[in-house]
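# Structural overview for review
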Amino acid sequence: MVTQTLDPNAIASATSISFQQKSQNTGAFSRDERILVIGNYTTDKPVVDNQIKQFFNSDDVATYYGFGSPLHRMAMKLFPKDNNGSKVSTYFMGVDGNGTSQVMTVGILSGGTLTKNFTCYLRFKELVFEAPADVVGKIATSYQVNPAKAPRKMDLNIFNKVKIPFTIEKGYTTAQILNSLKSSIDKYVELPFTAVYNTETSLLSLTSKWKGETSKFEIDFVNSDNEVITTDKYGIAFTTAITSEASGIVNLKETLDVITVEDQITRIVSQFNDTDNLDRLKDKCMSFRDGLICQWILAYTGKVFTESTITEIITNTETGTQTTTTTGTGTVNIEELITFGNNRRSDSVNIIIAGCYDNELRSLTYKERDTLLKAGITNLEPKSTGGYRIGDL
C-alpha cells in the first residue's frame, strides 16, 4: 500500500468564493388584518344567523343582508365609493334582532299653505355605529401597510348629515307634499327606514328596517342653506312625532361563541354598544390572550355622549346686575367621556373622539383640552378662528 502525505506548507488556491443567504423559517411577522363586522340585517331577509361571510364591496353586502341594514351602512363606510377605506380582508356576521324588540317609527305631518316653489330637504343624521366601521377600515389598512406607523391625521368620514331633496310647488296639498317626499325616500335605498303614506290620516310614517334600540334615527327639514323650514318663510312647516319607540337589545353571546382562533380575526366592529355586550366583547377578546394562543383581537364600537355648553355669568358694571348666558352650541361632555373610559380601564379601552364639528360645536376650553391630553386623547387640532377642536385620527 502506498501512502502519500501533503506538505504542511502547501496552500490551496481558490478562484472564487460565493456566499448565499439561507432562508429562515422562523421570525417575527405581523398578522394579516382581518375585520369582522357584527350587526343586524333587515327584517325581510331570510339570513342564517351567526355565519361568517366574506364580502368585497357594499353592494353585495346590501343584496345579502338588506339595503339600509346596519351591516350595509357599515359596509358603505368600509368600502366607500372613493376607494378611501378598507383594503384588508373584511367579513360580516348577521345577527337577528331580539324577538321582543320594536322598530322605530316616526310620523310626519305637513301644515300650512305653501307660498312659493322650492326644493326642500329631509336631513338625516348618520347612525353612531357607522363611525367605528370607518375608523377600523382605515386603521387596519394603515397597520397592514406599515405596522410601525401610527395612522395619524387620517380623514374620517363619519357623522355626516345626508340631505334627501324633494320638490314642492305652490298650491300643493298636504298629500302631494308628503308623497313627493315619499318618492324621494324610495329612491335612496341605503336609508335605514322605509316610507308609507296613510291617506286617511294624511300621515307619512318612516319605519326602521330592523328592530332594537340601535334603530333610532334623527331627521329634520331644511332648505339648501340648512335653515329649518318655517311657516314664516315658506307658509308651511313639518312636524314629527315618534309613533313607535325603538326598544330591545341583542345578546351577542351565541354570536361571539362562533368566532374561533382559526378565523384569525384581528378586529371586530360591533353595532351594539350597551354595557352587557361590551362585557361580552371584552371576555371574548381576552380569551384569545392566554399563554398558548397569545392572539390579540381588538373590538370597536361607537357611543354618543351628551353635549356640554359653557355657562358664563356677566356682570353689568353700571347696575351691578348679573345675567347668565350660554356660549356656543356645545361640545362633547369631556367629564362624562373620561368617566366612561376610567370605568372600563380594565378592558384596555382606547377612546377616539370624532364627530361633525365644522362650524357647529364650540372650541374646547383650556381645561377641557388639558383634561383630554392628560387622558391620552391627542387628536386635537387648532381652529383657524382660534382655540382647539377635536380632529380626526
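So, here is what we can say about the structure in this document.

Cut-offs and rules
Residues numbered from 1 in each chain as written. Predicted model: local features only at pLDDT ≥ 70, side-chain atom pairs only at ≥ 80, totals over all residues. Heavy atoms only, no water. Salt bridge = Lys/Arg side-chain N within 4 Å of Asp/Glu carboxyl O. Helix = DSSP H or I, 4+ residues; strand = E, 2+ residues; numbered from the N terminus. Buried < 20%, exposed > 50% of the residue type's maximum accessible area, 1.4 Å probe, protein only. Pairing = 2+ DSSP bridges. Axes fitted to C-alpha atoms, helices over the stretch in contact; angles between N-to-C directions. Contact = heavy atoms within 4.5 Å. Phe/Tyr/Trp six-rings, centres within 6.5 Å; stacked < 30°, edge-to-face > 60°. Lys NZ or Arg CZ within 6 Å of the ring centre and 35° of its normal.

Here we come to the pattern of salt bridges. Counted under the stated rule, the structure contains 8 salt bridges. The salt bridge partner of Glu-33 is Arg-267, with a shortest N-O separation of 2.9 Å. Within this pair, whereas Glu-33 is found in the segment before strand S1 (34-40), its partner Arg-267 is found in strand S11 (residues 267-270), the two being separated by 234 residues in sequence. Looking at Glu-33, the relative accessible area reads 9%, which means it is buried. The class of Arg-267 is buried, set by a relative accessible area of 6%. A salt bridge links Glu-227 to Lys-233, with the nearest nitrogen and oxygen atoms 2.8 Å apart. Residue classification places Lys-233 among the partly exposed positions, given a relative accessible area of 40%.

Taken in spatial order, the 4 strands of this open sheet run S7-S8-S4-S10, and their pairing is antiparallel. Only two strands of the sheet have a single neighbouring strand rather than two, namely strand S7 (193-198) and strand S10 (236-244). Each strand axis lies, on average, 25 degrees off the axis of its neighbour in the sheet, ignoring direction. This element, helix H4 (residues 174-187), spans strand S4 (105-112), S7, strand S8 (203-208) and S10 of the sheet and lies at about 155 degrees to S7.

What follows deals with the packing of aromatic side chains. For the structure shown, the criterion picks out 12 aromatic pairs. Summarising the aromatic geometry, the rings of Phe-55 and Tyr-64 are spaced 5.9 Å apart at their centres and angled 50 degrees between planes, so their arrangement reads as tilted. The class for Phe-55 is buried, based on a relative accessible area of 10%. What makes Tyr-64 partly exposed here is its relative accessible area of 28%. Following the ring pairs from residue to residue traces out a cluster consisting of Phe-55, Tyr-64, Tyr-65, Phe-79 and Phe-92. Here the guanidinium or amino end of Lys-163 rests over the ring plane of Tyr-121, the centre of that ring lying 4.5 Å away.

Right, let's talk about the pairing of S4 for a bit. Where S4 meets S8, 4 bridges bridge the pair, whose relative direction is antiparallel. Across the sheet, Thr-105 pairs through a bridge with Thr-207, a residue of S8. As paired elements, S4 and S10 share 8 bridges and run antiparallel to each other. Bridging from a neighbouring strand, Gly-107 pairs with Ala-241 of S10.

Positive phi values are uncommon outside glycine, yet Ser-202 reaches one of about 55 degrees. Looking at the secondary structure, you find Ser-202 in the loop between S7 and S8. On the basis of relative accessible area, Ser-202 is assigned to the partly exposed category, the value being 26%. For Asn-226, which is not glycine, the phi dihedral falls at a positive 65 degrees. With respect to the element layout, Asn-226 can be found in the loop between strand S9 (219-222) and helix H5 (231-234).

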